[in-house]
Amino acid sequence: VVNDTLSGVAVSVISARFHRAVADLVLSLSIKIKKQTGLTAVALSGAGPSLIAFAQRDHDEIKKAVVDAFEESGLSSRSWVLPIDKNGTEVSLEKY
């Protein structure tokens, strides 16, 4: 990124290269982890970048594998295992 910026490469090109590299990392990571665990799906959001993994089992193993893979690539990360909200959004109206 720094070299591209100093060389005058357009921001849109730098951005595309960066996001492609992250997407490629997530894809290879997902394939590797899927073979070892119960990982069923992965979604990538570019704003964070954020990654969400879906699985019915092996949650802690998936969490560790994701953090380790990012660390091996020189990226720090944070991770959580979150429960599924089975009720969805609830609205409560009360009279005062």
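Residues numbered from 1 in each chain as written. Predicted model: local features only at pLDDT ≥ 70, side-chain atom pairs only at ≥ 80, totals over all residues. Heavy atoms only, no water.

Undergrad: Honestly, the overall build of the chain in this entry has me stumped. Any pointers?
TA: Check the secondary structure of the chain and you find three helices and two strands. In terms of overall dimensions, the chain is more spread out than a globule: its C-alpha atoms have a radius of gyration of 18 Å, far above the 12 Å expected for 96 residues. Its C-alpha atoms give the chain principal-axis dimensions of about 60 × 45 × 20 Å. Every one of the 96 residues in the chain was classed for burial, and the buried ones make up 15%. For the chain, the accessible surface area stands at approximately 8,000 Å², while carbon and sulfur atoms represent 56% of it. Charge separation in the chain, taken as the distance between the mean sites of 11 positive and 11 negative side-chain charges, equals 4 Å. (Helix = DSSP H or I, 4+ residues; strand = E, 2+ residues; numbered from the N terminus. Rg over C-alpha atoms; globule rule 2.2 N^0.38 Å. Buried < 20%, exposed > 50% of the residue type's maximum accessible area, 1.4 Å probe, protein only. Areas by Shrake-Rupley, 256 points an atom, 1.4 Å probe, with all protein chains shown as cover. Lys, Arg positive; Asp, Glu negative; His and termini not counted. Charge placed at Lys NZ, Arg CZ, Asp CG, Glu CD.)

Undergrad: I keep staring at empty space enclosed by the protein and nothing clicks. Help me out?
TA: To find the voids left in a structure, one rolls a probe of water-molecule size over its atoms. By the definition in use, this model includes one cavity of 30 Å³ or more. Put simply, the largest cavity is a space of about 40 Å³. Surrounding the largest cavity, Leu29, Ser30, Ile33, Leu39, Val42, Leu51, Ile52, Ala53, Ile62 and Val66 form its lining. Among the secondary structure elements, those contributing two or more residues to the lining of the largest cavity are helix H2 (11-36), strand S1 (39-45), strand S2 (50-55) and helix H3 (59-72). (1 Å grid on protein atoms, 1.4 Å probe; cavity = no way out; pocket = protein on both sides within 12 Å on 5 of 7 lines; lining within 4 Å. Points joined across faces, edges and corners; volume = space filled by probe spheres on them.)

Undergrad: Can you help me understand the layout of surface pockets in this one?
TA: Roughly 1,000 Å³ of internal volume is contained in the largest pocket. Lining the largest pocket we find 31 residues, and of these Leu51, Ile52, Ala53, Ser79 and Trp80 sit closest to its centre. Secondary-structure elements contributing two or more residues to the lining of the largest pocket are H2, S2 and H3. Ranked by residue count, the leading element in the lining of the largest pocket is S2, at six residues. Per-class residue counts for the lining of the largest pocket are 21 nonpolar, eight polar and two charged. (Nonpolar A, V, L, I, M, F, W, Y, C, P; charged D, E, K, R; others polar.)

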